[in-house]
Amino acid sequence: MANYSVRNQVAIISLCSPPVNALSSDVRRGILDSLKKAEQDVKVAAIVICGEGRTFCVGADITEFKSEFKTFPNLFELVDILESSPKPIVAAIHGHAFGGGLEVALACHYRVALSSAKLALPEVKLGILPGAGGTQRLPRLIGIDSSMQWIAFGDEYSAQIAANIGIIDRIFPSNADILESAVQYAQSIIGKSLINRRVSKLPVKDASKVSHIMEKYKQIVGKKSRGAIAPMVCLEAIKHAALLPYVEGMKKERMGIEALMGSDQSKSLIYMFFAERQVRNWTIPGTGINSKNTKPIKVEKVAVIGLGTMGRGIVLSLLKAGIKHVSVMELNKTARENGLLFIKNILEGYAARGTISETQKRSMVDALKPVSNFEMLKDTDLVIEAVFESMSIKKDIFAKLGQVCKPSAVLATNTSALDVDEIAMVTPKPKQVVGMHFFAPAHVMKLLENVRGSKSSPQVIATAMNMGQRMGKVTVLVGNCHGFVGNRMFRHYTVETDFMLEEGAYPEQVDTVLKKFGFAMGRYQVGDLSGNDIGYRMRTKFEMTNKQQPPGAPERER
Ligand SMILES: CCCCCCC[C@H](O)CC(=O)SCCNC(=O)CCNC(=O)[C@H](O)C(C)(C)COP(=O)([O-])OP(=O)([O-])OC[C@H]1O[C@@H](n2cnc3c(N)ncnc32)[C@H](O)[C@@H]1OP(=O)([O-])[O-]
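I will try to describe carefully the structure that is included in this document. Remember, it's a predicted structure, so these values are computed and weren't measured experimentally.

Criteria and cut-off values
- Residues numbered from 1 in each chain as written.
- Predicted model: local features only at pLDDT ≥ 70, side-chain atom pairs only at ≥ 80, totals over all residues.
- Heavy atoms only, no water.
- Helix = DSSP H or I, 4+ residues; strand = E, 2+ residues; numbered from the N terminus.
- Rg over C-alpha atoms; globule rule 2.2 N^0.38 Å.
- Buried < 20%, exposed > 50% of the residue type's maximum accessible area, 1.4 Å probe, protein only.
- Contact = heavy atoms within 4.5 Å.
- Areas by Shrake-Rupley, 256 points an atom, 1.4 Å probe, with all protein chains shown as cover.
- Lys, Arg positive; Asp, Glu negative; His and termini not counted.
- Charge placed at Lys NZ, Arg CZ, Asp CG, Glu CD.
- Axes fitted to C-alpha atoms, helices over the stretch in contact; angles between N-to-C directions.
- Parallel < 35°, antiparallel > 145°, perpendicular 65-115°, else oblique.
- Left-handed = near helix turned anticlockwise from the far one by under 90°.
- Nonpolar A, V, L, I, M, F, W, Y, C, P; charged D, E, K, R; others polar.
- Near = heavy atom within 4 Å.
- Polar contact = N/O pair within 3.5 Å; in protein donor to acceptor, adjacent residues only side chain to side chain.
- Core = buried A, V, L, I, M, F, W, Y, C linked by side-chain atoms within 4.5 Å.

1. Some points on the overall build of the chain
Here comes step 1: Along its length, the chain carries 21 helices and 19 strands.
Here comes step 2: In terms of overall dimensions, the chain is globule-like: its C-alpha atoms have a radius of gyration of 27 Å, near the 24 Å expected for 558 residues.
Here comes step 3: Dimensions of the chain along its principal axes, counting C-alpha atoms only, are 80 × 55 × 45 Å.
Here comes step 4: Taking all 558 residues of the chain together, the buried fraction comes to 51%.
Here comes step 5: Considering only residue pairs separated by 6 or more positions, the chain has 73% of its internal contacts joining residues 24 or more positions apart.
Here comes step 6: Surface summary for the chain: the accessible area is close to 26,100 Å², and the carbon and sulfur share equals 56%.
Here comes step 7: Computed over 71 positive and 54 negative side-chain charges, the separation of the two mean positions in the chain equals 4 Å.

Structure (structure tokens):
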């Protein structure tokens, strides 16, 4: 769980818990035992803590939150033991230093990293706070303002940014050997005083401005994380770092994490963390075909048909995924011009905010290839149709695609409810057809529902799943039925909100309550965004007296 060796006066404690070196009780024990050995060995003058495999350490082992998490040494005990070591400890970071992993690094006396490494305190995304001194040490290193930014939102930062603000002491090129570099670094600091290297002993530089900074972040958090409890508790904990001695601040931090851990919000976020990973392992029921034994088709050229709300978002998602050739086809001139302008404006916005560089922006704009006829799609590897939700229009498009596209091309429909099999039947090769149902706005929403038609080939399904992952989507494979899974769930929600309108509420009143509760958008705002005509069309198709509407359906009961 932690391996120990000595090289030229430097003890090496390497975390060994694949795949991500999470800090399970065995790993924590391993670190402690190795530390004792290093401290007792007179030939050891410095210590390096590193991670074996692809990463340094992603933090506490989330699977242990319920049970073993409480066994000695707990993480908040371990970090203090590390920091008080009389021998200098260097954290050697590659891959990720996340959560408790970064807290361990903050407890070390020096931190070095490969330039490709990423750092974060993402606990807030699990509905908790950094509970191993993160809220108390980080402010002593980078100040209250930056700490609130890091901890209340949990975003990841590059090693270079971390170095610029004082978290990392030395950056090595991404192709350097992190262990070798860290050992040399450790040799260079042997004999130096540790007085200013124990972060818990440092003062918080901007402590006097804490009330002002706190107010600023309360406002931002109130807007960005509506309804979430953890971000506010994170801010409170950081405030304590400014106002209280370290030991007292740690007690407050502990109270914060104990209150949050096991809360409904935290339980739901942790469930979501594992569920998002579980859906990557897709399987076709009853066939033995799954993500492990099926390879996707290589996709380099993608086309999107339709530049309405959905098409624009899908194009942006493809560009962000680094696809170098994205054909866009929109026969309506105004829609085409508006769509392209929208895409370019969003890319400009990303560049202005620094989300992408100017070079990346230019290469994304270059990747956009407006096309005017189906013939131009003959080399395309994947076509995503995102036109009006009408079966006859979609069938017309798929019949044309079936004629012009190469036999291996994957033909995907972004339909939100229509029968994927019916669409597939108009093509000569229905096995090439699959559903890829994005959610509006497609460049923001993380969910992608891939719909397995009865004829979709395993390779085609694997390609759609792989493309979703390349776009950074939570990609879920579902069966072909009316409304698939997302809209079947959404329907119950819309039925209830529509009842409220019937009972006299205004759409904006319903939306206000939903947003206060924590939804990013109200139900009627979503309708305006994705087009109320889509819902109208569905309701008309499945009108109340329609026998497809089951007897227990709320509308019929009503
Ligand atoms: C009084 C109480 C005191 C409490 C003290 C608390 C201290 C501390 O502040 C709390 C924490 O650190 S909270 C933690 C804060 N840290 C975080 O929230 C970081 C969470 N992790 C991540 O965000 C991502 O894994 C990375 C972006 C790091 C890597 O992404 P990537 O390269 O795409 O890899 P991937 O596919 O994502 O993961 C590979 C496999 O590893 C699994 N696994 C991963 N992390 C795990 C964990 N911590 N644990 C267990 N398992 C974890 C994952 O499920 C998957 O398993 P599968 O069976 O193969 O499916």
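The discussion continues.
2. Some details on the packing of helix α12 (residues 333-353) against helix α13 (residues 358-367)
Between two packed helices, the angle of one axis relative to the other and the distance separating the axes together describe the packing.
Here comes step 1: The interhelical angle for the contact between α12 and α13, taken along N-to-C directions, is 165 degrees, at an axis separation of 9 Å. If you check the angle between α12 and α13, you find them roughly antiparallel. With respect to the hand of their crossing, α12 and α13 are arranged in right-handed fashion. Every residue of α13 that contacts α12 at Lys344, Leu347, Glu348 and Ala351 is listed here: Glu358, Lys361, Met364 and Val365.
Here comes step 2: Residues of the contact of α12 with α13, tallied by class, amount to four nonpolar, no polar and four charged.

3. Section: the site of the ligand
Here comes step 1: In the vicinity of the ligand, 31 residues are found, and the nearest of them are Gly100, Glu103, Glu123, Arg277 and Arg280.
Here comes step 2: Contact distances for the ligand include 2.7 Å between an oxygen atom and a side-chain N or O atom of Glu103.
Here comes step 3: Here an oxygen atom of the ligand sits 2.6 Å away from a polar atom, N or O, in the side chain of Arg277.
Here comes step 4: Surface burial for the ligand is 79%, taken as the share of its 1,200 Å² of free accessible area covered by protein chains.
Here comes step 5: Mapped by element, the contributors of at least two residues to the shell around the ligand are α2 (75-83), β5 (96-98), α3 (100-107), α9 (246-260) and α10 (264-278).

4. Concerning the nonpolar core
Here comes step 1: One finds Trp150 and Ile167 to be the most contacted residues of the largest nonpolar core, which totals 73 residues.
Here comes step 2: Here this core gets nine residues from one element, more than from any other, and that element is helix α4 (residues 134-153).
Here comes step 3: Not counting residues within four places of it along the chain, the set of residues in contact with Trp150 comprises Leu102, Leu119, Ala120, Leu121, Leu138, Ile142, Asp155, Tyr157, Ala162, Ile165 and Ile167.
Here comes step 4: Val299, Val315, Tyr350 and Met364 belong to the second largest nonpolar core, which has 38 residues in total.

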